[in-house]
Amino acid sequence: MPQISYEIIAECPDTRARVGLLHTPHGSIETPVFMPVGTQATVKGLTQRDLAEDIGVPILLANTYHLYLRPGHELIRKLGGLHKFMSWPNAILTDSGGFQVFSLSGLRKIEEEGVLFHSHLNGDAHTFTPQSIVDVQLAYGSDIQMVLDECPEYPVSHEYARQSMLRTVRWAKQANDHFRMRIADSPTRHALFPIVQGSMYPDLRKECARALLDLDTDGYAIGGLSVGEPRPLSLEAVEATEDILPRSKPRYAMGVGMPAELPEYVARGIDMMDCVLPSRNARNGYLFTSEGRVIIKHARYREDEGPVDPNCSCYTCLNYSRAYLRHLFQGKEILYSVLATRHNVQRYLDIMREIRHAIKLGSFLEYLKCARSIAAEAEARAEV
Ligand SMILES: [Zn+2]
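Along each chain, residues carry numbers from 1 onward, in the same order as the chain's sequence is written. In keeping with the model being predicted, local features are shown solely for residues with a pLDDT of at least 70 and side-chain atom pairs are shown and tallied solely at 80 or more, while totals for entire chains, interfaces and linings include all residues. The side-chain quantities take in all heavy atoms of the structure and omit both hydrogens and water.

*Asks:* How would you summarise the overall build of the chain if you had to cite specific residues and measurements?
*Replies:* Numbering of helices and strands runs from the N terminus; a helix is a DSSP stretch of H or I covering at least four residues, while a strand is a stretch of E covering at least two. Secondary structure summary: the chain contains 15 helices and 17 strands in total. Throughout, radius of gyration means the C-alpha value; the globule benchmark is 2.2 Å times the number of residues raised to the power 0.38. In terms of C-alpha radius of gyration, the chain reaches 21 Å, essentially the compact-globule figure of 21 Å for 384 residues. Counting only C-alpha atoms and orienting by the principal axes, one finds that the chain spans roughly 60 × 45 × 40 Å. When the 384 residues of the chain are sorted by exposure, 55% land in the buried category. Taking as baseline every contact in the chain between residues at least 6 positions apart, the subset at least 24 positions apart corresponds to 68%. Residue burial is assigned from relative accessible area. The probe radius is 1.4 Å, only protein chains are included, and a residue is buried under 20% of its type maximum, exposed over 50%, and partly exposed in between. By definition in these notes, contact holds between two residues if any of their heavy atoms fall within 4.5 Å.

*Asks:* If you had to explain the pattern of salt bridges to someone new, which residues and values would you point to?
*Replies:* Whenever Lys or Arg places a side-chain nitrogen within 4 Å of a carboxyl oxygen from Asp or Glu, that contact is recorded as a salt bridge. A complete count under the given rule lists 22 salt bridges for this structure. With its nearest N and O atoms 3.2 Å apart, the salt bridge here joins Lys249 to Asp216. With a gap of 33 residues between them, Lys249 in the loop between α9 (231–241) and β14 (251–253) and Asp216 in the loop between α8 (202–213) and β13 (220–222) connect regions that are remote in the sequence. Put simply, Arg353 and Asp350 hold a salt bridge, and the shortest N to O gap is 2.7 Å. Within this pair, Arg353 and its partner Asp350 are both found in helix α14 (residues 334–361), separated by three residues, close to a single helical turn. Look at Arg353 and you get partly exposed, because its relative accessible area is 39%. Looking at Asp350, the relative accessible area reads 14%, which means it is buried. Through salt bridges with shared partners, a single ionic network connects Glu11, Arg16, Glu242, Arg247 and Arg251.

*Asks:* Account for the layout of surface pockets, naming residues and giving values.
*Replies:* Lining residues are those with an atom within 4 Å of a point, where the points come from a 1 Å grid over the protein atoms alone and group into cavities, where a 1.4 Å probe fits but cannot get out, or pockets, open sets with protein on both sides within 12 Å along at least five of seven lines. Grid points are joined across faces, edges and corners, and a volume is the space filled by probe spheres set on the points. In this structure, the largest pocket encloses a volume near 1,000 Å³. Glu291, Gly292, Arg293, Ala378 and Glu379 are, among the 29 residues lining the largest pocket, the residues nearest its centre. At the level of elements, β16 (286–289), β17 (292–295), α14 and α15 (364–383) are the ones that each hand at least two residues to the lining of the largest pocket. Put simply, Ala, Val, Leu, Ile, Met, Phe, Trp, Tyr, Cys and Pro go in the nonpolar bin, Asp, Glu, Lys and Arg in the charged bin, and everything else, Gly too, in the polar bin. Per-class residue counts for the lining of the largest pocket are 16 nonpolar, four polar and nine charged. Volume-wise, the second largest pocket comes out at about 840 Å³. Contributing to the lining of the second largest pocket are 40 residues, with Phe99, Gln100, Asp274, Val276 and Arg280 lying nearest its centre.

*Asks:* Describe the sheet that holds strand β2 (residues 18–24), listing the residues and the values that go with them.
*Replies:* The strand order across the open sheet formed by three strands is β1-β2-β3, and the pairing between neighbours is antiparallel. Each end of this open sheet is capped by a strand with a single partner; those strands are β1 (5–11) and β3 (27–31). Taking each pair of neighbouring strands and ignoring which way they run, the sheet shows an average axis angle of 20°. Here β1 pairs with β2 via six bridges, running antiparallel. Bridging across to β2, Glu7 finds its partner in Leu21. Along the sheet, α14 contacts β1, β2 and β3; its crossing angle with β2, the most-contacted strand, is approximately 120°. Strands are labelled as partners when DSSP assigns at least two bridges between them. Simply put, an axis is a line fit to the C-alpha atoms, just over the touching stretch for a helix, and the angle between two N-to-C directions goes from 0 to 180 degrees.

*Asks:* Can you explain helix α6 (residues 130–140)? Please cite residues and give values.
*Replies:* Counting buried positions along α6 gives eight out of eleven residues, so the element sits mostly inside the fold. Among all positions of α6, only Pro130, Ile133, Val134, Val136, Gln137, Leu138, Ala139 and Tyr140 are buried. Gly141 sits one or two positions beyond α6 and adopts a positive phi of about 80°.

*Asks:* Describe the packing of aromatic side chains, with residues and values.
*Replies:* When the centres of two rings from Phe, Tyr and Trp lie within 6.5 Å, Trp using its six-membered ring, the rings pair. Their planes under 30 degrees apart give stacked, over 60 give edge-to-face, and anything left gives tilted. A complete count under the given rule lists nine aromatic pairs for this structure. One aromatic cluster is present, formed by Tyr65, Tyr68, Phe117 and Phe128 through successive ring pairs.

*Asks:* If you had to explain the pairing of strand β7 (residues 108–111) to someone new, which residues and values would you point to?
*Replies:* Where β7 meets strand β8 (residues 114–118), four bridges bridge the pair, whose relative direction is antiparallel. Bridge pairing in β8 links Lys109 to Leu116. Taking the residues between adjacent antiparallel strands as the criterion, β7 and β8 are bridged by two residues.

Have a look at this one:
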């Protein structure tokens, strides 16, 4: 019996884009969907009410590695699971921690059984195995879990990428076996997604996707993106597996992307995405708008009475001027981060809403072309 179900409700006749419904224990989610990142069980600067009620976020991503180190999965289990702990009513997806182990932890050793690493907080030694990572995510009560994977840096040799990819496949099988055993008697529905790796080598990506099909999971993730590779390569890596991964299951591109890239991934059959960019860039003074990027510290906004984005109806744009936001930013006021994040997350969700609308209307190809020309114009303006 499937743990999480997915149904396609509209398909683009020209691209691989589709609109679907992903049914989870914490609500049905219309896809393609963007998931804001709540690394430490919080999207920095926003309350859960902002996210769930005002912005309408149906699913959040939380980070297995960070929450494992602090406050610890046993504490979260004791306090009723992640939904209750952080008072979040909608779905939660947790990543496997693989990406953080490989990017944050300076000292690590990969063995067949798993990965040994030292906490970036205090240097303590820990081990993640395919099985332990399933147990940690079950303690959180995540609706959608990820398997432990190795996320190689970019670039790596074909030989290393292949050995690493084969280990990720072996780990995925072990994780899936353990997951099925653990949930056999559980009344709660969860899903475990394996992760396609293979660096930027299309042949390895295809080999990995084929091997993971045997697991017959409820969805598939594509990892190893946004690790420093040129942007076109990330899209090629996704394209490589599009016709191998089953079309009846949701596909999740991990850690992407910039606003202009969102429709590009959707056009390649992606249903789910997450990225720290809307929240992190907001805090750093970069605001995404329907007319391109606004760098709020620029002097040109000093007396600008207009909203961040005249086409946005978020709380920030309805109530505050660019001049006020610039003033808050210059003064390093906490409210700046709150208002800026509020807008940027809304912008990402608005883009996804536009994409779904265009697919349903049968006009996604035109939407994609239009998005490309707006992005090119904004790029040209930024270079002047
Ligand atoms: Zn706004």
